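Now for the letters of each chain:
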Amino acid sequence: MQKILAIKNIAIIAVASFVLAGCAAKLVSSSPRTVVISAGDARVQEAQDMADKECTKHGRFARMIGKPSRTSDQFTFDCVN
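Every value quoted in this text rests on a predicted model; they were computed, and no experiment measured them. (Residues numbered from 1 in each chain as written. Predicted model: local features only at pLDDT ≥ 70, side-chain atom pairs only at ≥ 80, totals over all residues. Heavy atoms only, no water.)

Participant: Please clarify how the overall build of the protein should be interpreted in this entry.
Facilitator: Counting its secondary structure elements, the protein contains two helices and four strands. In the protein, the succession of helices and strands from N to C terminus is α-β-β-α-β-β. Taken over 81 residues, the protein has a buried fraction of 23%. Just so you have it, the protein exposes about 5,800 Å², and 61% of that area is on carbon and sulfur atoms. (Helix = DSSP H or I, 4+ residues; strand = E, 2+ residues; numbered from the N terminus. Buried < 20%, exposed > 50% of the residue type's maximum accessible area, 1.4 Å probe, protein only. Areas by Shrake-Rupley, 256 points an atom, 1.4 Å probe, with all protein chains shown as cover.)

Participant: Would you take a moment to explain helix α2 (residues 44-56) for this structure?
Facilitator: In an α-helix, one full turn covers 3.6 residues, which means residues spaced three or four apart are oriented alike. Its 13 residues place the ends of α2 18 Å apart at the C-alpha level, agreeing with the 18 Å of an ideal helix rising 1.5 Å per residue. All of the buried residues in α2 are Ala47, Gln48, Ala51, Glu54 and Cys55. Along α2, the residues classed as buried sweep out an arc of 130° about the axis, all on the same side. Exposed residues pointing more than 90 degrees away from the buried face of α2 are listed as Gln45, Lys53 and Thr56. (Expected span 1.5 Å × (residues − 1). Arc of directions from axis to C-beta.)

Participant: Explanation requested: the pattern of salt bridges in the structure shown.
Facilitator: For side chains of opposite charge, pairing can occur when their charged atoms come near one another. Considering all chains together, one arrives at three salt bridges under this definition. Measuring nitrogen to oxygen at the nearest pair gives 3.4 Å for the salt bridge that ties Asp78 to Arg63. Linking Asp78 in strand β4 (residues 74-80) with Arg63 in strand β3 (residues 61-66), this pair joins segments that are 15 residues apart in sequence. Owing to a relative accessible area of 44%, Arg63 belongs among the partly exposed residues under this scheme. (Salt bridge = Lys/Arg side-chain N within 4 Å of Asp/Glu carboxyl O.)

Participant: I'm lost on the environment of Pro68 in this one. Help?
Facilitator: Mapped onto the fold, Pro68 is located in the loop between β3 and β4. Put simply, Pro68 and Ser38 are 30 residues apart on the chain and 8.4 Å apart in space, counted from C-alpha to C-alpha. Once residues lying within four places of it in the same chain are set aside, the contact partners of Pro68 are Ala39, Gly40, Asp41, Asp73, Gln74 and Phe75. (Contact = heavy atoms within 4.5 Å.)

Below is the structure:
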């Protein structure tokens, strides 16, 4: 019985890990002037932080110019002075 519970717990943890990993913000593209981050609406701060990090490489900071919509899960940022 304990062996079955252990296997179920491992399976639940594995599934949860895959689900949470899929929800993380991801860098789609980056240039000195523009950064695109794939993330859901709930990950605004994570997307902003990632964009700031990318823009900082070029002595700039990130200004959001596009948010996710029904057809896209991408945030778009301009890197500005």
